[in-house]
Amino acid sequence: MGLPTVLLDAQGDDAIGTSIRSELAAYGMDVSRIRVEAGASSPHAVVLVRQRDAARHITYFPSTAKALSAEDVPEELFMNASLLHLNGRHEDASRHAVGLAKKHGVPVSFDGGAGRYRESIRDLVLASEVRIVAREFAQKFTGLDEVEAQGLALLDDVAQVVVITDGVRGSYVWSRAGESFHQPAFTGLPVIDTTGCGDVYHGVFLAHWLQGQTLGFCAKAASMMAASTAGALGGRCALQRS
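Predicted, not measured: the structure shown is a model, and the values here were computed from it.

1. Examining helix α1 (residues 15-26)
Then, number 1: Taking 1.5 Å of rise per residue, the 12 residues of α1 would be expected to cover 16 Å, and the 16 Å separating its terminal C-alpha atoms lies within 8% of that figure.
Then, number 2: When we look at burial in α1, the residues that qualify are Gly 17, Arg 21 and Leu 24. Buried residues in α1, looked at end-on, bunch into an arc of 65°, giving them a common side. Those residues of α1 that are exposed and aimed more than 90 degrees away from the buried face are Ala 15 and Ala 26.
Then, number 3: Considering only its buried residues, α1 is in contact with β2 (10-12), β3 (29-30) and β4 (35-37).

Right under this line is the structure:
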């Protein structure tokens, strides 16, 4: 979306890692802070998409590279940063990064994906000002079943914005300022592969939020781009057109 972004991660020196870094760099990502470990394998997944309804089966192969540590998170990155975005990986490094973000007044956002909740990352969620999570993540985090109750429970402590995404049912948004609304999903577009829709929603929402757009604008733009992403295999066709 045109905003300079640095990725901190750990990968192997294999062909998959080289491909990952090359593709991210082609999209404008700063990959210079990715730690490349000799002899380690990089994370990758095999995604099988069913043609008739775009349902997916994912087989994930995690990296054998060591997780990032506090030493892999340089403080100078936070001196001019606008946002720290976390997804629950590299827990120790993430906690150190949160401390640096708080020290330098950098807001934190958290991506809570479906099937990714675990109790050990609760403190990372609670440290974030922007919480965009899947409905399943919200249910497990709060122990509540109703989406309204989940949203209000997540809107506590330091949280300023909470978004719960719910697939074809759209997304639900709450703010500390008292704003609350439902953003319907965009329908009528071809659905070939839903890989990456959630990630695209996060990126588009946060990019517009950082540029001072209203939450309504952020949610609508994110929903539209996420729906467009499903129009081709691979999860990045909408990004290639943007």
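2. What about the sheet that holds strand β9 (residues 130-134)?
Backbone hydrogen bonds hold the strands of a sheet together, and the pairing may be parallel or antiparallel.
Then, number 1: Taken in spatial order, the 6 strands line up as β7-β8-β9-β10-β11-β12 in an open sheet, and their pairing is mixed. Two strands in the sheet have a free side with no partner beyond their single neighbour: β7 (84-86) and β12 (180-183). On average, each strand axis in the sheet is inclined to that of its neighbour by 15°, with strand direction left out of account.
Then, number 2: Here strand β8 (residues 108-112) pairs with β9 via 4 bridges, running parallel. For Gly 112, the partnering residue across the bridge sits in β9 and is Val 133.
Then, number 3: Strand contacts of helix α5 (residues 147-154): β9, β10 (161-165), β11 (171-175) and β12, with the helix running at about 150° to β10, the strand carrying the most contacts.
Then, number 4: Of the strands in this sheet, β7, β8, β9, β10 and β11 are in contact with helix α6 (residues 197-210), which crosses β9 at around 160°.

3. Re α6
One turn of the α-helix equals 3.6 residues, which is why residues spaced by three or four share an orientation.
Then, number 1: Between its terminal C-alpha atoms α6 stretches 20 Å, which fits the 20 Å expected from 14 residues at 1.5 Å a residue.
Then, number 2: For α6, the full list of buried residues reads Cys 197, Val 200, Tyr 201, His 202, Val 204, Phe 205, Leu 206, Ala 207 and His 208.
Then, number 3: After α6 finishes, the residue Gly 212 shows a positive phi value of roughly 85°.

4. Some thoughts on the packing of α6 against helix α7 (residues 215-229)
Then, number 1: Packing of α6 against α7 leaves a shortest axis separation of 8 Å and a crossing angle of 150°. Relative to α7, α6 is oriented roughly antiparallel. Read as a crossing pair, α6 and α7 show a hand that is right-handed. Contacts from Cys 197, Val 200, Tyr 201, Val 204, Phe 205, His 208 and Trp 209 of α6 reach α7 at Leu 215, Phe 217, Cys 218, Ala 219, Ala 221, Ala 222, Ser 223, Met 225, Ala 226 and Thr 229.
Then, number 2: Counted by class, the contact of α6 with α7 contains 14 nonpolar, 3 polar and no charged residues.

5. Observations concerning the packing of aromatic side chains
The geometry of an aromatic ring pair is captured by the separation of the ring centres together with the interplanar angle, meaning the angle of the planes.
Then, number 1: Applying the stated rule across the entire model yields 5 aromatic pairs.
Then, number 2: Aromatic pair Tyr 201 and Phe 205: ring centres 6.1 Å apart, planes at 15°, arrangement stacked. Of this pair, Tyr 201 and Phe 205 both sit in helix α6, 4 residues apart, roughly one helical turn. Here the two residues Tyr 201 and Phe 205 agree in accessibility, since each one is buried.
Then, number 3: Ring-pair connections join several aromatic residues into one group, and the members of that group are Phe 110, Tyr 117, Phe 137 and Phe 141.
Then, number 4: One residue, Arg 122, lies across the ring of Phe 141, its end atom 4.1 Å from the ring centre.

6. Observations regarding a nonpolar patch on the surface
Then, number 1: On the surface, Val 46, Leu 48 and Phe 61 cluster together into a nonpolar patch covering about 260 Å² of accessible area.
Then, number 2: As for its position among the elements, Leu 48 is in strand β5 (residues 44-49).

7. Topic: the pairing of β5
Then, number 1: Pairing of β5 with strand β6 (residues 56-61) involves 6 bridges; the strand directions are antiparallel. The residue bridging Val 46 from the neighbouring strand is Thr 59, located in β6.

8. Side note on the side chain of Ser 109
Then, number 1: With respect to the helices and strands, Ser 109 occurs in strand β8.
Then, number 2: A relative accessible area of 1% places Ser 109 in the buried class.
Then, number 3: Not counting the four nearest positions on each side in its chain, Ser 109 is found in contact with Leu 83, Leu 84, His 85, Leu 86, Ser 128, Val 130 and Leu 206.

9. Topic: the pattern of salt bridges
Then, number 1: The final tally for this structure, using the stated rule, is 16 salt bridges.
Then, number 2: Among the salt bridges present, the one from Arg 33 reaches Glu 76, with a minimum N-O distance of 3.7 Å. Of the two residues, Arg 33 is situated in the loop between β3 and β4 and Glu 76 in the loop between β6 and β7; the sequence distance between them amounts to 43 residues.
Then, number 3: The partly exposed category is assigned to Arg 33, whose relative accessible area is 32%.
Then, number 4: Glu 76 sits in the partly exposed class, given a relative accessible area of 44%.
Then, number 5: For Glu 91, the salt bridge goes to Arg 95, with nearest N and O atoms at 3.1 Å. A residue pair is termed a helical-turn pair when its members lie 3 or 4 positions apart in one helix, as Glu 91 and Arg 95 do in helix α2 (residues 91-103) at 4 residues.
Then, number 6: Take Arg 95: its relative accessible area is 31%, and that puts it in the partly exposed class.

The rules behind the values
- Residues numbered from 1 in each chain as written.
- Predicted model: local features only at pLDDT ≥ 70, side-chain atom pairs only at ≥ 80, totals over all residues.
- Heavy atoms only, no water.
- Helix = DSSP H or I, 4+ residues; strand = E, 2+ residues; numbered from the N terminus.
- Expected span 1.5 Å × (residues − 1).
- Buried < 20%, exposed > 50% of the residue type's maximum accessible area, 1.4 Å probe, protein only.
- Arc of directions from axis to C-beta.
- Contact = heavy atoms within 4.5 Å.
- Pairing = 2+ DSSP bridges.
- Axes fitted to C-alpha atoms, helices over the stretch in contact; angles between N-to-C directions.
- Parallel < 35°, antiparallel > 145°, perpendicular 65-115°, else oblique.
- Left-handed = near helix turned anticlockwise from the far one by under 90°.
- Nonpolar A, V, L, I, M, F, W, Y, C, P; charged D, E, K, R; others polar.
- Phe/Tyr/Trp six-rings, centres within 6.5 Å; stacked < 30°, edge-to-face > 60°.
- Lys NZ or Arg CZ within 6 Å of the ring centre and 35° of its normal.
- Patch = residues over 30% accessible without salt bridge, like charges linked within 9 Å, V, L, I, M, F, W, Y side chains within 5 Å.
- Areas by Shrake-Rupley, 256 points an atom, 1.4 Å probe, with all protein chains shown as cover.
- Salt bridge = Lys/Arg side-chain N within 4 Å of Asp/Glu carboxyl O.

Coordinates in, geometry out; function isn't part of it.
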